[in-house]
Structures are given as C-alpha cells and as structure tokens.
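What follows is each chain in one-letter form.
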Amino acid sequence: MTYRFRVLGMGLAALPVMVVLHDLQAGWGAWAWTIASGFVWPHLAYWLARRSADGYAAEARNFMVDSALAGSLVPMMHFNLLPSAVLLTVVSADKVNSGVPRLWLHALPGMVLALVVSGFVHDWVVDLPSRTAVIAACLPLMTIHTLAVSANLHRLIHRVHTQNRQLEALTQRDELTGLDSRGHWKAQAERLLERHRHHDEPATLVLLDVDHFKAINDRFGHAAGDDVLRALAGLLHTQLPPSRVAGRLGGDEFAVLLPMDLAAATRTAETLRQAAAACRLPAYPDLRFTLSLGLAGPPKGGGLRAWTEAADQALYRAKRTGRNQLASATP
C-alpha cells in the first residue's frame, strides 16, 4: 500500500523541483539526484521492504529516507518558497498518515541534516519567489496526492468501522449456541428490570441447566455435549415466544428473560422442559437429556443480582428435589 503512494507522491514532488532546476539551469548532478529521488527511490524502497525479514521496520526506515530526500531537494531549488513548503509539508504529513507513532518527529533530524548538508553543497543560495510555472507544477502534488491519501484514509476508516461492528456483534453472541453472550444478556436484563420498575411491565427470569451434563460428556464425549447445548439453544428459539431474551451464562447454564408474569412464565417453562425431555439427537440415538429450571419474578427493590440469586435458589431447589422439573422462587 505504501509503495503506490510513494510512487505517486515522490513522482509528483519531482515535477516542481525539475521546473525550478530548469529555471536555474542546474547541472547534471542535481538532475540525476532529483530523478533518482522521485522515480528510482520508490521502487528501491519497495524492493528493500519486500526482501527484509521485518517489512514493518524496513518501511519505517524508508519513511525516514523519504524525509531526508525531501530535505536535500530544498537547497537545490535555492529554497524556492512554494515548492519547498509544499514538499516538506507533504512528506511530514505522510509520516502522520502512516499511523506509526511519532514517526514524523523521528524523521525530522534526518530531514534537517540532509537539508544542511545539501545547503553547504549548493552554497546556501536563497531565491524565494515562485513564478507561475512553478506554482502550476506544485498543483498536482497538492491536489492529486492529497486526494489519494484522503480517499485511502476514508477507506481504512470505513473498514475499521465495519470491523468494529463485526466485533461488537461477536461479543454479543455466544460462539457455540448463537445465543446472547453473558455480558450482552446482562445488559438486556438490566433494561427489562428498569422497564418493570418504571412501567410495571411483567417480567420473569428463568435460569436452567442440563441435568447431569458432566455425565453426558463423560459417556458420549464433549462433541456430544456441544450438540446438546446447540439443541437446547434451538429449543429456546422454537419453544419460547419471540419476545424472550435468551443467553448462555457459561457451561451448561442458560438464562431466559420472559416478558410475562410468573404464572404465564411457568407454563412456558414447562413446555420447554417437556420439549427437552422429548428431544433426540440423530448422531446419538441413546442420548437423552433433561432440564432443571428456576423461575423468579422481579425483586422488590433489588437489582439484577438479587433477581438472579432468587432464580438460582429456585434452580437448586429443583435439582435437590429430583431434577427434570422447575421451581419458582418464593416471593
């Protein structure tokens, strides 16, 4: 990516330099240095970076050389004001646009040193005015290169935004089951609890897990255990209303928010329990799994933690009394 912009930028930067050199009737050495800097160096830099074991470090060094070359061209033009200012500004801006921290600052000493050495070579002759042809030769560098860099930055920003959205979606989903992740589910639970408090919307929390899940893994293997969890996630989609919010808290423990009162939620949870008991996995015809479920209505004055603890206590009561059943928290 840097190669394309170096070819474009260094090539366009050579145009005003060559116009000034023509006006100054410069010797062949100045012309050779300008041509090498503008048209040979970009390809050499690409070759050096490609053959390096650390392309990132090699390209950072190439950026430093860019600045040194730009600095060396300024005294050759007798400090002609507009091309000198444009050249030094663009080459410094490229360091900022590279995204390498403080690269422009690290390149500054090399640029100044090259300018000083070139100044002694060319006797520090200063001729600031820029005639119309020189100004016109600066325009391609000022416009074409700037627009190309801006378009590339826009593309990169768009890609970062897209990746951020994808990353956010990934953090909201459990990889195995496709249900809400623990953090995303908790955020939605907080919102549902707030709606209940402010608008008295009905809400019930259901915690559930697979009975004897470790025994399933031990007998049939962890792949079978994963299939059980995926099957349970499918049941949560098909057996519960679309308004439910289902998430995987970890392992074989799941949480479901139902926007209904405790009585209606109990009937819905029982349907889910029966569906799980009847579920069969084609790859494991001998495998059966059941669920234990704990239900709780919103706590009076407590937060999500109190709500979860109430449902968790109900879940353990369902387990202690035989599993494959549901229990509701005592108001």
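Source: prediction; values computed, not measured.

Colleague: I'd like to hear about helix α1 (residues 2-24), residue by residue, with values.
Modeller: Between its first and last C-alpha atoms α1 spans 32 Å; for 23 residues at 1.5 Å apiece the expected length is 33 Å, and the two agree. Just downstream of α1 lies Gln-25, where phi reads positive at about 55°.

Colleague: Go over unusual backbone geometry with me, naming the residues and quoting the values.
Modeller: Not every positive phi belongs to a glycine, and Gln-25 is a case in point at roughly 55°. Along the polypeptide, Gln-25 turns up in the loop between α1 and α2 (28-51). What makes Gln-25 exposed here is its relative accessible area of 72%. Even without being glycine, Asp-200 reaches a positive phi, approximately 55°. Topologically, Asp-200 is positioned in the loop between α7 (182-199) and β1 (204-210). Look at Asp-200 and you get exposed, because its relative accessible area is 62%.

Colleague: Give a detailed account of the confidence of the model for the protein, specifying residues and quantitative values.
Modeller: Detailed reading of predicted coordinates is not advised where the pLDDT is low. Looking at the protein as a whole, its pLDDT mean stands at 91, while 98% of the residues score no less than 70. For the protein, per-element mean pLDDT is lowest for helix α6 (residues 132-171), which scores 84, and highest for strand β4 (residues 291-296), which scores 96.

Colleague: For the pattern of salt bridges, give the residues involved together with the corresponding values.
Modeller: Under the definition given, this model contains 13 salt bridges. The salt bridge partner of Asp-66 is Arg-6, with a shortest N-O separation of 3.0 Å. Of this pair, Asp-66 sits in helix α3 (residues 55-76) while Arg-6 sits in helix α1; the two residues are 60 residues apart in sequence, bridging distant segments of the chain. When sorted by exposure, Asp-66 lands in the same class as Arg-6, which is buried. For Asp-23, the salt bridge goes to Arg-131, with nearest N and O atoms at 2.5 Å. One end of the pair, Asp-23, is in helix α1; the other, Arg-131, is in the loop between α5 (103-121) and α6, with 108 residues separating them in the sequence. The class of Asp-23 is partly exposed, set by a relative accessible area of 34%. Residue classification places Arg-131 among the partly exposed residues on the basis of a relative accessible area of 43%.

Colleague: I'd love a proper account of the sheet that holds β1, names of residues and values included.
Modeller: Spatial ordering of the open sheet is given by β2-β3-β1-β4-β5, a layout of five strands whose pairing is mixed. The sheet is open, and its two edges are formed by β2 (245-250) and β5 (326-328), each paired on a single side. The sheet shows a mean angle of 20° between the axes of neighbouring strands, direction not considered. Here three bridges tie β4 to β5, and the two strands are oriented parallel to one another. Directly across from Leu-293, in β5, lies its bridge partner Leu-326. The strands touched by helix α10 (residues 262-278) within the sheet are β1, β3 (253-258), β4 and β5, with β4 carrying the most contacts at an inclination of about 170°.

How each quantity is defined
- Residues numbered from 1 in each chain as written.
- Predicted model: local features only at pLDDT ≥ 70, side-chain atom pairs only at ≥ 80, totals over all residues.
- Heavy atoms only, no water.
- Helix = DSSP H or I, 4+ residues; strand = E, 2+ residues; numbered from the N terminus.
- Expected span 1.5 Å × (residues − 1).
- Buried < 20%, exposed > 50% of the residue type's maximum accessible area, 1.4 Å probe, protein only.
- pLDDT = per-residue confidence, 0-100.
- Salt bridge = Lys/Arg side-chain N within 4 Å of Asp/Glu carboxyl O.
- Pairing = 2+ DSSP bridges.
- Axes fitted to C-alpha atoms, helices over the stretch in contact; angles between N-to-C directions.
- Contact = heavy atoms within 4.5 Å.

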